[in-house]
Amino acid sequence: MSTHQASFVRASMIEASPAPALEAGIVRWLRKNLFATPKDSVLTIISLLILAWLVPPAIQWLFVDAAWTGGGRGVCATLSQGGSQPEGWSGACWAFVNAKLGQFVFGRYPLEGQWRPALVGILFVLFLVPMLIPKIPYKGLNAVLLLAVLPIIATTLLPGGWLGLPYVETALWGGLMVTLVLSFVGIAVSLPLGILLALGRRSDMPVIKMLCTVFIEMVRGVPLITVLFMASVMLPLFLPQGVTFDKFLRALIGVSFFASAYMAEVVRGGLQAIPKGQYEGADSLGLSYWQKMNLIILPQALKLVIPGIVNTFIGLFKDTSLVSIIGMFDLLGIVRLNFSDANWASAVTPLTGLIFAGFIFWLFCFGMSRYSGFMERLLDKSHR
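In this text the structure is predicted, and so the values were computed from the model without any measurement.

A. The environment of Leu249, seen in detail. Structurally, Leu249 is set in helix 9 (residues 247-273). By relative accessible area, which is 37% here, Leu249 ends up partly exposed. For the pair Leu249 and Leu182, spaced 67 residues apart in sequence, the C-alpha separation works out to 9.5 Å.

What follows is the structure in structure tokens.
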């Protein structure tokens, strides 16, 4: 009697089974991020209760009960206050923002000439967006358009006085236009100047090192308000008789120098984080100082300090509001200036204007923050 062992081989693979319900989709995300531990669960529940307490009234005030259209303070005031709203009404006065939107963007720039800053803004977006998208080619040409051609166009169009364009003095500039011009020029100047100052502070030449150190420490040791005040009020006292600079140009110089000093310390931190072997390896290849910095050291150092660089940019963007100390009106300054308009004086107008200005600042700062995170992930090659 013989024994036969039977064997079976499948003709096809078993189809993959779906993941358990608790390990897939939104349920898995909730378990991992909000309810991973008992402490996380308690904090999540407390946060949800706080949001449930704050968000509905905020939405009610900002959107549901808000006054969206109208031609004066009456749409944003109750009957007892001389308006048309019922007693006990309270809501955002977006009609005020709609009526003053032109001033919020262009300041007191003449209405018939507002196409000039609008055109500069459109060109700025058209030149900037391709620079921010890594896959778009011709970055060199695009950088020339953004950093060389656009400033020439802006210098021609914004003040005027050229090519038959009426001259518009910078005292009439204001709003978001001033904020963007100050921040863009400050960012474009502070990064290369900060790199040079950081390299100078680490230089082996005593004179260069001393000059860079003195500049950095002196500028970082005083508030930006003091720098702006010195640039606006004190600088003309040291100039020859009859020689003067435009107030807006002085503000640009003060903001750029201030941001450059902080940027220098950020870059210096990145330079110090590079291992000594990188410097020695570059020297062993016979590279010159600038070849070593441009090809090996600076690319690594700048990648390491992207968060610090963007943090300086965000701080600079917000600090443009301090130009009000020298009589310039950025976005926040022009919004506050319009609070004194008797045609829109109401209890809710100031809060609405400040919320609008805060949202615009948050929008730009959040965008810079998200893009810096994108660049960090794109340049992070260490774990691939």
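B. The arrangement of the packing of helix 6 (residues 175-201) against helix 9 in detail. Running from amino to carboxyl end, helix 6 crosses helix 9 at an angle of 45°, the nearest separation of the two axes being 5 Å. Overall, the two elements helix 6 and helix 9 adopt an arrangement that is oblique. As helix 6 packs across helix 9, the resulting crossing turns out to be right-handed. Grouping the amino acids of the contact of helix 6 with helix 9 by side-chain chemistry returns 21 nonpolar, five polar and three charged.

C. Looking closely at unusual backbone geometry. Its identity as a non-glycine residue notwithstanding, Tyr138 has a phi of 60°, on the positive side. One can find Tyr138 in the loop between helix 4 (115-132) and helix 5 (139-157). Since its relative accessible area comes to 65%, Tyr138 is described here as exposed. In this structure, Leu163 takes a positive phi of about 50° despite not being glycine. Here Leu163 is to be found in the loop between helix 5 and helix 6.

D. How the structure looks around the environment of Leu79. With respect to the element layout, Leu79 can be found in the loop between helix 2 (38-64) and helix 3 (94-106). For Leu79, a relative accessible area of 55% corresponds to the exposed category. Not counting residues within four places of it along the chain, the set of residues in contact with Leu79 comprises Ser84, Gln85 and Glu87.

E. Representation of the state of the cysteines within the structure. Inspection of the entire model under this criterion finds one disulfide. With a sulfur-sulfur separation of 1.8 Å, Cys76 is cross-linked through a disulfide to Cys93. Judged by the sign of its S-S torsion, about 75°, the cystine formed by Cys76 and Cys93 is right-handed. With Cys76 in the loop between helix 2 and helix 3 and Cys93 in the loop between helix 2 and helix 3, this residue pair connects regions lying 17 residues apart in the sequence.

F. Geometry of the side chain of Ser183. As for its position among the elements, Ser183 is in helix 6. Note on Ser183: relative accessible area 5%, which makes it buried. In contact with Ser183, other than residues within four places in its own chain, are Leu316, Phe317 and Thr320.

What counts and what doesn't
Residues numbered from 1 in each chain as written. Predicted model: local features only at pLDDT ≥ 70, side-chain atom pairs only at ≥ 80, totals over all residues. Heavy atoms only, no water. Helix = DSSP H or I, 4+ residues; strand = E, 2+ residues; numbered from the N terminus. Buried < 20%, exposed > 50% of the residue type's maximum accessible area, 1.4 Å probe, protein only. Axes fitted to C-alpha atoms, helices over the stretch in contact; angles between N-to-C directions. Parallel < 35°, antiparallel > 145°, perpendicular 65-115°, else oblique. Left-handed = near helix turned anticlockwise from the far one by under 90°. Nonpolar A, V, L, I, M, F, W, Y, C, P; charged D, E, K, R; others polar. Contact = heavy atoms within 4.5 Å. Disulfide = S-S within 2.5 Å.

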